[in-house]
Amino acid sequence: MKTDILQSTVSMAHEKENKKKLYAEEDISKLAVIKSNDTIAMKYMMCVAAASVAEGATYPLDLTKTRLQIQGEMATGGSNAQYRGMFKTAMGIAKEEGLLHLWRGMLPALYRHAIYTGFRMSAYEEIRNQLSKKDKNGFSLWKKVVAGMMAGGIGQLMASPTDLIKTQIQMEGRRRLMGEPPRVDGMVDAFRKIVKQGGVTGLWRGCWPNVQRAALVNLGDLSTYDSVKSSILDNTTLEDNSVTHCLSSGCAGLVGAIMGTPADVVKARIMNQATDEYGRGLVYKSSADCFMQTVRGEGFLALYKGFVPCWLRMAPWSLTFWLSFEQIRKASGATSW
């Protein structure tokens, strides 16, 4: 009798533990496996759809972040910054340019995620599968780092032209309020002018800090999310639900922002600078030159301009993306992650 009771107790405890980790295995490789009966095209479309939802919900924070990062550039004589902080910047844009201008440059941002997010997730899965093919113990930490950095870096390299166009469009409202002539009039015009000035390769101006940022953000995001989520599930009574997702993605977003913001600042400034007739930057010669000029002219902390909106955007973006992605997969009848 006692033996039956003991076995029943152990069985119930085991069942409870399995239920707790039903959608969150100890290793992210198990969490992030998409079954082979899902087509690549279907997975790609669902990734892009979820990324579009997340981008639309958090895009004003991206615009605010870019304005904060570029304002006050000593190299361009813009030391008299008008905005102070994320909230006042957002309010200033809405008041001076119009509420809908908080979504200025949204279209190229969506195109970016159609390339970047779709490729990043697909590539990460393939890299993960290849690296863990002979490792039955799962996806180790160093493999997560390699896969995350490679997938993020290559995906961003492919999508960099859309980021360049988006950055230039985001600054147009500010330029016009300052009485400066507009440089571009929409996405197509920006594309034509960039190609005309620098050729096709000009579309990749400032791509390297962009690639570095994407690699660092993916490194921090994946490894931190995995570690925090496992710790929460192992050491607390929380189950794999929206609360756990919020806590994990918030921590992952913080680490990703800390690692990626300096490269993001350099990227934004290089992409926003004026160019000569050959598409060469008039302010910065390279990413390293931009980094050094920023530190010398404005101090090291200038590399973290826009950090708060960057962090506050990354956390809800990640959470919105994953929740949307799971619901889209469920609605389409695809297998869960």
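Being a predicted model, the structure only gives us computed values, none of them experimental.

Cut-off values and rules
- Residues numbered from 1 in each chain as written.
- Predicted model: local features only at pLDDT ≥ 70, side-chain atom pairs only at ≥ 80, totals over all residues.
- Heavy atoms only, no water.
- Helix = DSSP H or I, 4+ residues; strand = E, 2+ residues; numbered from the N terminus.
- Buried < 20%, exposed > 50% of the residue type's maximum accessible area, 1.4 Å probe, protein only.
- Contact = heavy atoms within 4.5 Å.
- Areas by Shrake-Rupley, 256 points an atom, 1.4 Å probe, with all protein chains shown as cover.
- Salt bridge = Lys/Arg side-chain N within 4 Å of Asp/Glu carboxyl O.
- Core = buried A, V, L, I, M, F, W, Y, C linked by side-chain atoms within 4.5 Å.
- Phe/Tyr/Trp six-rings, centres within 6.5 Å; stacked < 30°, edge-to-face > 60°.
- Lys NZ or Arg CZ within 6 Å of the ring centre and 35° of its normal.
- Patch = residues over 30% accessible without salt bridge, like charges linked within 9 Å, V, L, I, M, F, W, Y side chains within 5 Å.
- Expected span 1.5 Å × (residues − 1).
- Arc of directions from axis to C-beta.
- Polar contact = N/O pair within 3.5 Å; in protein donor to acceptor, adjacent residues only side chain to side chain.

1. Observations regarding the overall build of the protein chain
Reasoning step 1: Along its length, the protein chain carries twelve helices and zero strands.
Reasoning step 2: Going from N to C terminus, the protein chain has its helices and strands arranged as α-α-α-α-α-α-α-α-α-α-α-α.
Reasoning step 3: Considering the protein chain as a whole, with its 337 residues, one finds that 49% of them fall into the buried category.
Reasoning step 4: Here the analysis covers contacts within the protein chain between residues at least 6 apart in sequence; of these, 75% occur between residues at least 24 apart.
Reasoning step 5: About 16,900 Å² of surface is accessible on the protein chain, with carbon and sulfur atoms providing 64% of the total.

2. Considerations on the pattern of salt bridges
Reasoning step 1: One pass over the full model with this rule turns up six salt bridges.
Reasoning step 2: Note that D62 and K166 form a salt bridge whose closest N and O atoms lie 3.0 Å from each other. In this pair, D62 is assigned in helix α3 (residues 40-70) and K166 in helix α6 (residues 141-170), connecting sequence segments 104 residues apart. As far as burial versus exposure is concerned, D62 and K166 are alike and both buried.
Reasoning step 3: Between R112 and D163 there is a salt bridge, and its shortest N-O distance comes to 3.7 Å. Here R112, found in helix α5 (residues 106-131), pairs with D163, found in helix α6; they are 51 residues apart in sequence, far enough to count as distant.

3. So, the nonpolar core
Among soluble globular proteins, nonpolar side chains are generally buried collectively.
Reasoning step 1: Among the nonpolar cores identified, the biggest contains ten residues, and these are M46, C47, A50, A51, A54, M121, W317, F321, F325 and A334.
Reasoning step 2: Going through the elements one at a time, α3 and α12 (307-332) are the ones with two or more residues in this core.
Reasoning step 3: Every residue in contact with A50, bar those within four places of it in the chain, is listed here: F321, S324, F325 and I328.
Reasoning step 4: L164, I169, V184 and M271 belong to the second largest nonpolar core, which has eight residues in total.

4. Thoughts on the packing of aromatic side chains
Reasoning step 1: Tallying each qualifying case throughout the model produces three aromatic pairs.
Reasoning step 2: Both rings, one in W317 and one in F321, keep their centres 5.3 Å apart while their planes meet at 10°; by these two values the pair is stacked. Of this pair, W317 and F321 both sit in helix α12, four residues apart, roughly one helical turn.
Reasoning step 3: The structure contains a cluster of three or more aromatic residues connected by ring pairs, namely F300, Y304 and F307.
Reasoning step 4: Geometry around Y116 places R112 over its ring, the cationic atom sitting 4.4 Å from the centre.

5. Some details on a nonpolar patch on the surface
Reasoning step 1: A contiguous nonpolar surface patch, about 410 Å² in accessible area, is contributed by L157, V200, W204 and W208.
Reasoning step 2: If you trace the backbone, W204 turns up in the loop between α8 (187-198) and α9 (207-235).

6. What about the environment of K143?
Reasoning step 1: Looking at the secondary structure, you find K143 in helix α6.
Reasoning step 2: Judged by relative accessible area, K143 falls into the buried class, the value being 7%.
Reasoning step 3: As a C-alpha pair, K143 and R128 span 15 residues in sequence and 7.4 Å in three-dimensional space.

7. Looking at α12
Reasoning step 1: Look at α12: 37 Å from first C-alpha to last across 26 residues, which is about the 38 Å you get at 1.5 Å a residue.
Reasoning step 2: Just past α12, the residue G333 takes up positive phi, approximately 80°.

8. A look at the environment of A94
Reasoning step 1: Inspection of the secondary structure puts A94 in helix α4 (residues 86-97).
Reasoning step 2: A94 sits in the partly exposed class, given a relative accessible area of 24%.
Reasoning step 3: Among all residues touching A94, those that are not within four sequence positions of it are L99 and L102.

9. A look at α4
Reasoning step 1: Across its twelve residues, α4 extends 16 Å between first and last C-alpha, which sits within 8% of the 16 Å expected from 1.5 Å per residue.
Reasoning step 2: Along α4, the residues that are buried comprise T89, G92, I93 and E97. Viewed along the axis of α4, the buried residues span an arc of 100°, placing them on a single side of the element. Residues of α4 that are exposed and point more than 90 degrees away from the buried face comprise F87, K88 and K95.
Reasoning step 3: Among the residues trailing α4, G98 stands out with phi positive, at a value near 115°.

10. Some words on the side chain of T294
Reasoning step 1: Position of T294 relative to the elements: it lies in helix α11 (residues 287-298).
Reasoning step 2: A relative accessible area of 1% places T294 in the buried class.
Reasoning step 3: Separated by 3.4 Å, the side chains of T294 and R269 make a polar contact.
Reasoning step 4: Here T294 is in contact with R269, G299, A302 and L303, once residues within four sequence places are set aside.

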